[in-house]
Structures are given as C-alpha cells and as structure tokens.
Amino acid sequence: MDKLIVEGGRPLRGEVRVSGAKNAALPLMAAAILAGGPLKLTNLPDLGDLKTMGRLLTFMGGQVDLGQGARREALLDLTQLNKPEAPHELVKTMRASALVLGPLLARVGRARVSLPGGCAIGVRPIDLHLKALRAMGAVFDLSGGDIVARAPEGGLKGAEIRFETVTVTGTENLMMAAVLAKGRTVIANAAREPEVVDTGRALLAMGAKIEGLGTGTIIIEGVDFLSGATYEVTPDRIEAGTLLAAVALAGGEITLRGFPHEALATVVAKLKETGLIITPIGPDLVAKAPEVLEAADITTQPYPGFPTDMQAQFMAMMTPARGTSVITETIFENRFMHVGELRRLGADIALEGRTAVVRGVSQLSGAPMTASDLRASASLVLASLAAKGLSQIHRVYHLDRGYEGLDRKLVALGASIQRVKA
Ligand code: UD1
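Residues numbered from 1 in each chain as written. Predicted model: local features only at pLDDT ≥ 70, side-chain atom pairs only at ≥ 80, totals over all residues. Heavy atoms only, no water.

**Digging into the overall build of the chain**
Piece 1. Within the chain one finds 14 helices and 24 strands.
Piece 2. Computed over C-alpha atoms, the radius of gyration of the chain comes to 21 Å, within 12% of the 22 Å expected from 2.2 N^0.38 for 422 residues, which places it in the range of a compact globule.
Piece 3. Counting only C-alpha atoms, the chain reaches 65 × 45 × 40 Å along its principal axes.
Piece 4. When each of the 422 residues of the chain is scored for burial, the buried share is 57%.
Piece 5. For the chain, the share of sequence-separated contacts (at least 6 apart) that also reach a separation of at least 24 residues comes to 72%.
Piece 6. With an accessible surface of roughly 16100 Å², the chain has 50% of that area assigned to carbon and sulfur atoms.
Piece 7. Side chains of the chain carry 46 positive and 43 negative charges; the gap between the two charge centres is 2 Å. (Helix = DSSP H or I, 4+ residues; strand = E, 2+ residues; numbered from the N terminus. Rg over C-alpha atoms; globule rule 2.2 N^0.38 Å. Buried < 20%, exposed > 50% of the residue type's maximum accessible area, 1.4 Å probe, protein only. Contact = heavy atoms within 4.5 Å. Areas by Shrake-Rupley, 256 points an atom, 1.4 Å probe, with all protein chains shown as cover. Lys, Arg positive; Asp, Glu negative; His and termini not counted. Charge placed at Lys NZ, Arg CZ, Asp CG, Glu CD.)

**Quick word on the domain arrangement of the chain**
Piece 1. Here the chain is partitioned into domain 1 (2-19 + 235-421) and domain 2 (22-232).
Piece 2. Taking the mean C-alpha position of each, domain 1 and domain 2 sit 30 Å from one another.
Piece 3. Taken together, the contacts link 22 residues of domain 1 with 23 residues of domain 2.
Piece 4. Between domain 1 and domain 2 the total buried area reaches about 1900 Å² when both faces are included, carbon and sulfur atoms providing 54% of it.
Piece 5. The largest per-residue losses of area from domain 1 upon contact with domain 2 belong to Y303, R401 and E404, which jointly make up 35% of the total buried on that side. (Domains from an automatic or database assignment. Buried area = accessible area lost by both parts, 1.4 Å probe.)

**What to know about the nonpolar core**
Side chains of a nonpolar character, in soluble globular proteins, are inclined to be buried together.
Piece 1. Residues V100, M136 and L203 are the most contacted members of the largest nonpolar core, which totals 79 residues.
Piece 2. With 7 residues, helix 1 (residues 22-31) is the single largest residue contributor to this core.
Piece 3. When near neighbours in sequence (up to four residues on either side) are disregarded, V100 contacts A30, I33, M53, L56, M60, A86 and V113.
Piece 4. By size, the runner-up hydrophobic cluster in this structure holds 69 residues, among which are V268, V339, I349 and L413. (Core = buried A, V, L, I, M, F, W, Y, C linked by side-chain atoms within 4.5 Å.)

**Remarks on the pattern of salt bridges**
Piece 1. Scanning the model with the defined rule gives 22 salt bridges in all.
Piece 2. Here K131 ties to E164 by a salt bridge, and the two come within 2.9 Å at their closest N and O atoms. Of the two residues, K131 sits in helix 5 (residues 127-135) while E164 sits in the loop between strand 10 (160-162) and helix 6 (168-178), which places them 33 residues apart along the sequence. Both residues of the pair, K131 and E164, belong to the exposed class.
Piece 3. One salt bridge in this structure joins R419 and D400, with 2.8 Å as the shortest N-O distance. Highlighted residues: R419 in strand 24 (residues 416-420) and D400 in helix 13 (residues 397-402), separated in sequence by 19 residues.
Piece 4. Among the residues examined, R419 registers a relative accessible area of 24% and is labelled partly exposed.
Piece 5. Classification of D400 by relative accessible area gives partly exposed; the value is 26%.
Piece 6. One salt-bridge network, in which partners are shared between bridges, spans D2, D400, D407, R419 and K421. (Salt bridge = Lys/Arg side-chain N within 4 Å of Asp/Glu carboxyl O.)

**Here's the deal with the pairing of strand 8 (residues 139-143)**
Piece 1. Pairing of strand 8 with strand 9 (residues 146-150), which is carried by 5 bridges, proceeds in the antiparallel orientation. When the sheet's bridge partners are listed, S143 is paired in strand 9 with D146.
Piece 2. Counted between consecutive antiparallel strands, the loop separating strand 8 from strand 9 contains 2 residues, among which G144 sits at a positive phi close to 55°. (Pairing = 2+ DSSP bridges.)

**Some points on the sheet that holds strand 18 (residues 298-299)**
Backbone-to-backbone hydrogen bonds join strands into a sheet, with any given pair of strands oriented parallel or antiparallel.
Piece 1. Strand order in the open sheet made by the 4 strands is 18-19-21-20, with mixed pairing throughout. A strand with exactly one partner marks an edge of an open sheet, and here the two such strands are strand 18 and strand 20 (348-352).
Piece 2. Both strand 19 (residues 324-328) and strand 21 (residues 355-359) contribute to a ladder of 5 bridges, which runs antiparallel. Of the residues in strand 21, the one forming a bridge with S325 is V358.

**Describing helix 10 (residues 311-318)**
Piece 1. Across the 8 residues of helix 10, 8 count as buried, placing the element largely inside the fold.
Piece 2. For helix 10, every residue scored as buried is listed here: Q311, A312, Q313, F314, M315, A316, M317 and M318.

**Looking at the site of the ligand**
Piece 1. Close contacts around the ligand come from 19 residues, with L128, T167, T169, D309 and I331 the closest.
Piece 2. Contact distances for the ligand include 3.2 Å between an oxygen atom and a backbone N or O atom of P125.
Piece 3. Here V168 contributes a backbone N or O atom positioned 2.8 Å from an oxygen atom of the ligand.
Piece 4. For the ligand, whose unbound accessible area comes to 730 Å², protein coverage reaches 87%.
Piece 5. When residues of the shell around the ligand are traced back to their parent elements, those giving at least two are helix 1, helix 5 and helix 6.
Piece 6. Element by element, the count of residues in the shell around the ligand is highest for helix 5, at 3 residues.
Piece 7. Class assignment for the residues of the shell around the ligand results in 8 nonpolar, 6 polar and 5 charged.
Piece 8. In terms of domain composition, the shell around the ligand takes at least three residues from each of domain 1 (2-19 + 235-421) and domain 2 (22-232). (Near = heavy atom within 4 Å. Polar contact = N/O pair within 3.5 Å; in protein donor to acceptor, adjacent residues only side chain to side chain. Nonpolar A, V, L, I, M, F, W, Y, C, P; charged D, E, K, R; others polar.)

**As for the side chain of S114**
Piece 1. With respect to the helices and strands, the residue S114 is situated in strand 7 (residues 110-114).
Piece 2. Polar side-chain contacts of S114 include one of 3.1 Å to the side chain of H88.
Piece 3. Once residues within four sequence positions are removed from consideration, S114 is found in contact with A86, P87, H88, V91, G145 and D146.

Below is the structure:
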C-alpha cells in the first residue's frame, strides 16, 4: 500500500483545476443500466471507486470504456446487460454499489447485489433504500450476504415515498427505479445535494420525466424507454473545499479553475469566517490564506448545510487556528476516526459523543499517521501541510478511491509530498 511523506511549512501558489465529482459520477454510471443506448459521460475523474463501478458494469455484460487521462470521456453501453449481479468480490470496497439495485430492478426486474462495504464511517445501512423499493412492489431476500431482489410481475409501480432520513444515494436509487416504473412516484424528504440534481439531469437528457430536482419533493412520471445521452460530470465540490482548506493550512494563494460556486456556498461562507480571503472571478475562485486562521464552529447537515464530507478537512484546519472550535457531526455516528491521528501531530481535540472541541495549538509537528477513510485521509494530508517537519501517511489507497491525484495537485502548487509506492 502506498504511503505519503509530507514536509510541512511550504505555502501553496498557482492554479489548479477541480476534477469531476466522484459522488455525481457514481450514480451517473449506474444510470447507464437504464439507457437503451450508450451513455457518454464527459469530465469523468480518474478514481478508484469509478474503476470499481466500471468493472461492475462490465461484469454485468456492459461495454465499458472509461477513457484516458484527466477530464476523460467514458462510454457506457449496457444494452446487452445479461447478468444483473454485483458480487462481493467486486463491491466489497465500495458502498455506492447499492446504486445499481434501483436501475437493475427497473430495467430487468431482478438483481442480486452483495451488501455494500466502503468507508467505515458508521453503520451505514441501506434499509431506507430497500423500504422505498418495497413500496414500489419489489421483494427482497437475503442469501449468502447478497440481497436478492425481484420486481413484481409487470414491473415496478410508482408510489408515494417519504424518506424518514435524508439519504443521498437512497434518493438517487429510488429516482433511477422510478423513471422506468409504471405511473407516478413522489419522493418526499428527498436529498437536495447537487449530485442528486446531476443524476436527475442526466436522466432528463435520457428522456425521463422528473420535476422538483433540488427540492425536498421529487415527482417522477415513469416512461417506457430511456435513450442514451451525453452528460458532463460537474466539478467536485468536496475536492474544491479540500483544496481551499489546504491553502488555509499551508498559507499562500491559489486559483481554483472550474469552481462549483453555488454548490459550495455554505462552505465558502464558513471558510471566510476563519479569515480565508476568497474572491470569485467568473467560473474560477482565488483563495488567499490569512495571517492568522480564526476558529469557527460547524454542524454537519444535509445540503444546503455544511457537508459531512468536509468535516474532517475543516477539523484539520481548526487544529492550528486561534481559539476554540466546536464541530458537531449529525450525519454519521462514527466519523471522528481522524481525531486520534490528528492528535499525533499535537492537535488538542476533546470528543464528546457527536461533538469534537478543538483548541487551536500554536504549532503542529510532523508524525506518522494511518488513514482510515476517504475524507479522514485528506484531513491528515492537510494537517501535515501545516506541521513542522516530516509526516507519513499510511494506507493512502482510501485517498485514491475518491480524489483524483490530490497529492499530485498539491505538489504542483508547491507542497512537498512524496509518494512511496508499496
Ligand atoms: C452519500 C455520499 C457520501 C456522503 C453522504 C452524506 C455518495 C456515493 N456518497 O453517502 O460521500 O458522506 O452521502 O452526505 O454519494 N441511512 C440509513 N439507512 C439508509 C440510508 C442511509 O440509516 O438506508 C443513514 C446513514 O447511516 C446516515 C444518513 O442516513 O446516517 C445519511 O446517509 P446517506 O445520505 O444515505 O449517505 P450515502 O448516500 O451512503
């Protein structure tokens, strides 16, 4: 497993392009299952999780070409799909594999999907996905760790569904099930995340009938057929936020090309509160680190609130800030695994249930650390940028699952990061 060696204390300068969003690309790839022709996705990032999804679609009988290099064009043709299955070997590292369940039930009326793995950030069940699909007539059995699913005779039926908790992939899964179902589906308490909107827009381009995207109520009128389409993956708001946290910690000034302004408004407002100087210039954004970073509080919430996927990076930012920061995690019950590792750098963090109290220290110092999940890995890299001396981050494969060359991008901006291949 690769590790990173970071030497802190170097300011960042220059321009960097934000890659396509992982959490949009995953459901978009699953949506190819629904298309009666090839789905072309542009601006696809080069990420471990997307390769896993590509292998899964190939296993199902799809023709999958994920393209080459950065900003790649992928062509996904699932018209010959003959094996509606997601076996454990292929999906054990990726929770988003559950996203194929809705499309498979809609397209072929059956599916066998291994219970998902992925980041160890809490229990993360998919009971809400299953409950919603059941309301559309699907039946489920558990066999050998797999969910064996069947649609009713004649296909899934539209239904009125209220999610008791806002669920991002649950909303996407259900939307993809409903676009080919008989009749109308109403999803209440739907997720409003930009990636859900992206998925919906791609389905619209394929010929689906959807209203209310980006609101808490999504209404879908089932159609008989969806065609292929071309869709551009939007820039990754979490990668953009991570790069902003990086400059806040390392110092310096960077320009982010293709910045997802609207999708990141809450994070930008919070980062301004810490003193980061942020200037939008057309589609880009210039961010300048302040002399002194000030503490600020956050509580994670579903969109448009502060994203849980930025919590670890924000905490890293607060470790050397002036003052005390209170960080409350409301989405996942076990998303503080980075705390123990940040403490190794000298961070002063007290944990009480779902709240972390970070008292800023005047200087972090480099240490060896082990990454536990995707965003936690990023937070360790960020904190290392501000630490004196050398840090080592082990198990960076988590980082590569969800960031397109984060270390490479930071090095191009002037950071000292060396990747040691296992
Ligand atoms: C997605 C994102 C992930 C992000 C999360 C919250 C993708 C591929 N992943 O994950 O990066 O951190 O949204 O913004 O888009 N829950 C249940 N039962 C369910 C489903 C969810 O109890 O069936 C709970 C979860 O445990 C969690 C909360 O609902 O406490 C929200 O989770 P959810 O929005 O579903 O997260 P994901 O879609 O898995």
